[in-house]
Amino acid sequence: MQAPGSARPARGRRRLRLLSLGTTFAVAFASVTAVVTVLVGLLSYSAAARLVRVDQQSVFDEVVQDLRQEVRANRMTPVDFSSTSPGHDLVRPARTDVQVLGPDGGVFDPGSPGLPVTGADREVAAARTAGQVVTHAEVDVGDDVYRVATVALGGSRGAVQVAQESSDTEDLLRALQRRTLVLMVAVVVGAGLFGWWLARRITRRLVVLTDAAEIVARTRRLGIQVPVAGQDEVGRLGRAFDRMLGRLAQSEEDQRRLVQDAGHELRTPLTSLRTNISLLRRIDELPPGTREELVDDLTQEARELTDLVNELVDLAAGQSDSEPPQQLDLAEIAEDVAGLARRRSGREILVRASGDTTTEGRPGMLTRALSNLVENAVKFDRDGNQPVEIAVAGPARPGTVRVEVRDRGPGIAEDDLIRVFDRFYRAPAARSLPGSGLGLSIVREVALAHGGAPYAFQREGGGTVIGFTVAGAGAREED
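Quantities reported herein were computed from a predicted structural model and do not represent experimental measurements. (Residues numbered from 1 in each chain as written. Predicted model: local features only at pLDDT ≥ 70, side-chain atom pairs only at ≥ 80, totals over all residues. Heavy atoms only, no water.)

1. Brief notes about the overall build of the chain
And step 1. The secondary structure content of the chain amounts to ten helices and twelve strands.
And step 2. In the chain, 63% of the contacts between residues at least 6 apart in sequence involve partners at least 24 apart.
And step 3. Carbon and sulfur atoms provide 55% of the accessible area of the chain, an area that totals close to 28200 Å². (Helix = DSSP H or I, 4+ residues; strand = E, 2+ residues; numbered from the N terminus. Contact = heavy atoms within 4.5 Å. Areas by Shrake-Rupley, 256 points an atom, 1.4 Å probe, with all protein chains shown as cover.)

Shown next, in the form of structure tokens:
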């Protein structure tokens with residue numbers, strides 16, 4: 001037996017299906033078509049019916065007017081209008097019926113069919129003035145309806161009745177009305193079917209996108225493919241959705257890898273801290289020299305742990321920096337970084353700038369990247385007596401701006417050059433020095449975020465050159 005609550009989702013799905021975009025589009029298309037078709041049909045029928053009725057009335061009025069002019073111009077008798085009279089066709093045009101009345105109002109020559117004679121018709125037959133007329137809009141003659149006009153011959157000689165059948169015209173208009181209604185219904189039904197087909201064709205790719213979004217929401221899997229093609233807005237939406245999923249998947253992978261790497265790197269200083277803290281329980285038993293070494297170790301490990309946490313925060317901030325881009329000069333940033341490094345290290349820092357060094361970027365991120373390069377150079381060339389150089393060079397034409405730091409330190413082995421920008425990677429010769437291996441990773445993230453790339457190579461004459469490129473201001477404007 002089905003549970004009472006199980007019917008609700010089914011009804012909800014049916015309601016969603018009825019209110020889907022395709023159904024809404026089909027109903028709207030059919031509704032608009034129905035309104036337009038009904039309006040056009042009604043207006044067309046009304047115009048056609050009016051034209052037909054006006055045309056029939058005009059023909060009848062012309063016949064009556066011709067008859068009045070004829071009897072006024074000539075002294076005519078009922079015999080002249082008899083069906084046996086040679087000239088009777090002049091007053092018997094197509095679709096008209098003629099009946100002749102005598103002086104007393106009696107039927108002198110019956111029409112086909114015979115027309116009824118009223119008191120007003122008899123008065124006209126006895127009238128002395130030729131051309132006097134009386135009209136009847138609707139006269140039933142058998143199963144048909146006629147419009148009738150009685151024209152006096154004058155001199156109390158009788159009258160002529162002219163009748164025009166109007167029922168056949170109305171029958172024709174009613175047939176036209178029925179056909180118009182059938183045509184309107186057919187157009188509305190056809191429009192509804194066409195709208196349903198068109199809606200399914202248009203919304204088919206939107207349904208695919210909706211299914212993909214529901215799968216992502218239900219399973220949290222970002223690596224699914226979105227099979228949407230086309231160059232219209234739906235195709236662009238599909239490609240944008242696919243790129244968004246790709247970037248989200250890459251971001252999730254980067255976060256997972258960062259957490260794993262950070263956890264691995266944090267174990268070593270934390271283990272050392274726990275070991276030294278356990279020794280603090282027996283600090284009274286240690287000789288004074290060992291105590292000093294223990295305190296120094298704790299201070300150094302705390303400092304390294306603090307630096308590692310700060311660099312992890314900087315790396316995460318570099319991936320999702322909300323600082324708005326702005327127009328800036330990299331040469332000015334290099335001067336600021338050099339001044340700060342001089343005060344901290346006491347080393348000589350030289351800045352060389354050439355060309356157009358302006359770009360559009362985030363000053364905080366670029367300052368952090370360049371500071372990491374300078375601090376890295378000072379750390380590995382601690383005992384050097386030659387200045388550390390910061391070179392900022394812009395190309396002769398719009399393109400990229402190059403920023404690099406040159407030192408005369410021990411250098412980096414050829415095999416390590418391609419890995420120095422990896423997270424937590426430290427060359428064997430540098431593992432005894434303080435640091436986390438995240439500084440150059442931050443440089444890489446900043447460079448990629450600004451449309452450039454990092455690079456490193458051995459400096460001629462000894463030392464290392466490490467830097468990165470960013471898109472120049474001219475290149476950003478062209479994009």
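2. Details of the sheet that holds strand β12 (residues 464-471)
And step 1. The strand order across the open sheet formed by five strands is β7-β9-β10-β12-β11, and the pairing between neighbours is mixed. The open sheet terminates on both sides in strands that have one partner only, identified here as β7 (349-354) and β11 (454-458). Looking at each pair of strands side by side, their axes are set apart by 15 degrees on average, direction ignored.
And step 2. With five bridges joining them, β11 and β12 adopt antiparallel strand pairing. Bridged to Gln458 within β12 is Thr464.
And step 3. Helix-sheet contacts for helix α8 (residues 363-380) involve β7, β9 (388-393), β10 (400-407) and β12, and the interaxial angle to β12 is about 175 degrees.
And step 4. Helix-sheet contacts for helix α9 (residues 439-449) involve β11 and β12, and the interaxial angle to β12 is about 25 degrees. (Pairing = 2+ DSSP bridges. Axes fitted to C-alpha atoms, helices over the stretch in contact; angles between N-to-C directions.)

3. Quick notes on the packing of aromatic side chains
For any pair of aromatic rings, the description consists of the separation of the ring centres together with the inter-plane angle of the planes.
And step 1. Tallied over the full model, the rule gives two aromatic pairs.
And step 2. Here Phe194 and Trp197 contribute two aromatic rings whose centre-to-centre distance is 5.8 Å and whose plane-to-plane angle is 35 degrees, an arrangement assigned as tilted. With Phe194 and Trp197 both in helix α4 (residues 167-219) and three residues apart, this pair spans about one turn of that helix.
And step 3. Ring geometry for Tyr455 and Phe457: centres 6.2 Å apart, planes at 10 degrees, overall stacked.
And step 4. Since its relative accessible area comes to 38%, Phe457 is described here as partly exposed. (Phe/Tyr/Trp six-rings, centres within 6.5 Å; stacked < 30°, edge-to-face > 60°. Buried < 20%, exposed > 50% of the residue type's maximum accessible area, 1.4 Å probe, protein only.)

4. Here we look at α8
And step 1. When the terminal C-alpha atoms of α8 are compared, their 26 Å separation across 18 residues agrees well with the 26 Å that a helix rising 1.5 Å per residue should span.
And step 2. Burial runs high along α8: 13 of the 18 residues are buried. (Expected span 1.5 Å × (residues − 1).)

5. Focus on the side chain of Asp97
And step 1. Relative to the assigned elements, Asp97 resides in strand β1 (residues 96-101).
And step 2. A polar contact of 2.9 Å, which involves the side chain of Asp97, links it to the backbone nitrogen of Ser112.
And step 3. Residues in contact with Asp97, not counting those within four places in the same chain, are Gly111, Ser112, Pro113, Leu115, Gln161, Val162 and Ala163. (Polar contact = N/O pair within 3.5 Å; in protein donor to acceptor, adjacent residues only side chain to side chain.)

6. Some points on the UniProt feature "transmembrane region" (unreviewed entry) in the chain
And step 1. Residues annotated in UniProt with the feature "transmembrane region" (unreviewed entry) correspond here to residues 21-45 and 181-199.
And step 2. The straight-line gap between the two end C-alpha atoms of residues 181-199 is 26 Å; of that span, 100% is helix and 0% is strand. (UniProt positions renumbered as here; feature names shortened; annotations may be inferred.)

7. Digging into the nonpolar core
And step 1. By size, the foremost hydrophobic cluster in this structure holds 35 residues, and its most contacted members are Leu330, Leu370, Ile390 and Phe468.
And step 2. Those elements giving two or more residues to this core turn out to be α7 (330-345), α8, β9, β10, α9 and β12.
And step 3. Looking at this core, the element that brings in the most residues is α8, giving eight residues.
And step 4. Core analysis: the second largest hydrophobic core is formed by 14 residues, Val71, Met76, Val98 and Val160 among them. (Core = buried A, V, L, I, M, F, W, Y, C linked by side-chain atoms within 4.5 Å.)

8. Comments concerning a negative patch on the surface
And step 1. A contiguous patch of negative charge on the surface is contributed by Asp55, Asp61, Glu62 and Asp66.
And step 2. Relative to the elements of secondary structure, Asp66 occurs in helix α2 (residues 21-73). (Patch = residues over 30% accessible without salt bridge, like charges linked within 9 Å, V, L, I, M, F, W, Y side chains within 5 Å. Salt bridge = Lys/Arg side-chain N within 4 Å of Asp/Glu carboxyl O. Lys, Arg positive; Asp, Glu negative; His and termini not counted. Charge placed at Lys NZ, Arg CZ, Asp CG, Glu CD.)

9. Thoughts on the pattern of salt bridges
And step 1. Scanning the entire structure with this criterion turns up six salt bridges.
And step 2. Across the pair Arg352 and Glu389 runs a salt bridge whose closest N-O atoms are separated by 3.7 Å. Linking Arg352 in strand β7 with Glu389 in strand β9, this pair joins segments that are 37 residues apart in sequence.
And step 3. Look at Glu389 and you get buried, because its relative accessible area is 12%.
And step 4. Here Arg444 ties to Glu445 by a salt bridge, and the two come within 3.6 Å at their closest N and O atoms.
And step 5. You can call Glu445 buried: its relative accessible area is 17%.

10. Comments concerning the sheet that holds strand β2 (residues 107-109)
And step 1. Strand order in the open sheet formed by five strands is β2-β1-β5-β4-β3, with antiparallel pairing between adjacent strands. Since the sheet does not close on itself, it has two edges, and those belong to β2 and β3 (133-141), each with one partner. Taken pair by pair, the neighbouring strands of this sheet meet at an average axis angle of 30 degrees, ignoring direction.
And step 2. Judged from the six bridges that link them, β1 and strand β5 (residues 159-165) form a sheet pairing that is antiparallel. Residue Leu101 lies in a different strand from β5, and its bridge partner there is Ala159.

11. Notes on α9
And step 1. Buried residues dominate α9, accounting for nine of its eleven residues.
And step 2. The complete set of buried residues in α9 reads Gly439, Leu440, Ser441, Ile442, Val443, Arg444, Glu445, Val446 and Ala447.
And step 3. Of the residues trailing α9, Gly451 is marked for its positive phi of about 75 degrees.

12. Some remarks on the pairing of β9
And step 1. Of all six residues in β9, six are buried; the element is thus mostly enclosed.
And step 2. The pairing of β7 with β9 spans six bridges and is classified as parallel. In the sheet register, Ser354 faces β9, and the bridge partner there is Ala393.
And step 3. Across five bridges, the pairing between β9 and β10 is antiparallel. Looking across to β10, one finds that Glu389 is bridged to Arg406.

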